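Examining the three-dimensional arrangement
Listed below, chain by chain, are the residues.
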Amino acid sequence: MSVSRPATRSGLAADLATLGVRPGAVLMVHAGVKALGPVLGGVETVVAALRDALGPAGTLVAYAGFYDDYEEQLDVDGRCPAALRDQVPAFDPVASRANPDHGLLPEAIRTTLGALRSANPGASLTALGARADWLTAPHPQDYGYGPGTPFARLVEAEGQVLMLGAPLDTITLLHHAEHLADLPGKRIVRREVPFRAADGGTAWRMIEEYDTADPVIDGLEDDFFGTIVEAWLATGRGADGRVGQARAVLVDAAPICRFAVEWMETRARDRRPG
């Protein structure tokens, strides 16, 4: 019985270089690790291969988020019921695990020696490498995808975004485009978030943000981020190839963000009555 040969660190790094990952870049990665096929050493090998492709001057970034299942219990004003306030684990940017809904890679990066994490719970990024400190701080508590956030600095750095076996509609950077776009009627959500206090207790804070759980305005499909990425690739920009056994799409952060803003604003105008 034949057994397929697993992907290796050097093989994955070579695939990443062929795709166009730039040494020295700030690279944000969304990954479906299982899509790569068997990998010798698992997710730690994937992290190492990404760092090899980036080199010592590069910075590896992933969307960590926060395990916010308590939000299902919030009332209509976004407040946590009194009976649960002492039971919800508080967000600690150093100790809180990355949201498992985002796959294995963010937690593997977060727990690698030298990694840093930004301080906005729902929008938090974890980063490893030369510009990790610059990228992750500061991170405003309100409107965590807008100007002055790690997402804005990813664009400023002319970074790259890699969708590594991940659905294209999970590209978190486009929430930054949603924030920047002139879209009448953007939905705003306010919800309480528990933070770890200096004394070890919990301090609850109300946070305001444009809605990132659903399209920010009516009339856009649930998966429209993926539509934007496919439209970008159709213009001949970006790279669409393979890393291991996974489909890998690589885009430059600044131009796709501008493209997404224009795409959203155009769709919003087309949907206006009259």
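Described in the following lines is the structure provided in the data block. (Residues numbered from 1 in each chain as written. Predicted model: local features only at pLDDT ≥ 70, side-chain atom pairs only at ≥ 80, totals over all residues. Heavy atoms only, no water.)

**Describing the pattern of salt bridges**
Once the charged atoms of two side chains with opposite charge are near each other, the side chains can pair. Tallied over the entire structure, the rule returns 13 salt bridges. Between Asp142 and Arg205 there is a salt bridge, with the nearest N and O atoms lying 3.2 Å from each other. Of this pair, Asp142 sits in the loop between helix H4 (132-136) and helix H5 (150-156) while Arg205 sits in strand S7 (residues 202-210), and the two are 63 residues apart along the sequence. Its relative accessible area of 29% is what places Asp142 among the partly exposed residues. The partner of Asp211 in a salt bridge is Arg187, with the nearest N and O atoms 3.6 Å apart. One end of the pair, Asp211, is in the loop between S7 and helix H7 (224-234); the other, Arg187, is in the loop between helix H6 (173-180) and strand S6 (188-196), and 24 residues separate them in sequence. Using a relative accessible area of 7% as the deciding quantity, one classes Asp211 as buried. (Salt bridge = Lys/Arg side-chain N within 4 Å of Asp/Glu carboxyl O. Helix = DSSP H or I, 4+ residues; strand = E, 2+ residues; numbered from the N terminus. Buried < 20%, exposed > 50% of the residue type's maximum accessible area, 1.4 Å probe, protein only.)

**Brief notes about H7**
Along H7, the residues classified as buried are Phe224, Phe225, Gly226, Ile228, Val229, Trp232 and Leu233. Taken together, the buried residues of H7 touch H6, strand S8 (239-243), strand S9 (246-252) and helix H8 (253-270). At the exit of H7 stands Gly236, carrying a positive phi of roughly 95 degrees. (Contact = heavy atoms within 4.5 Å.)

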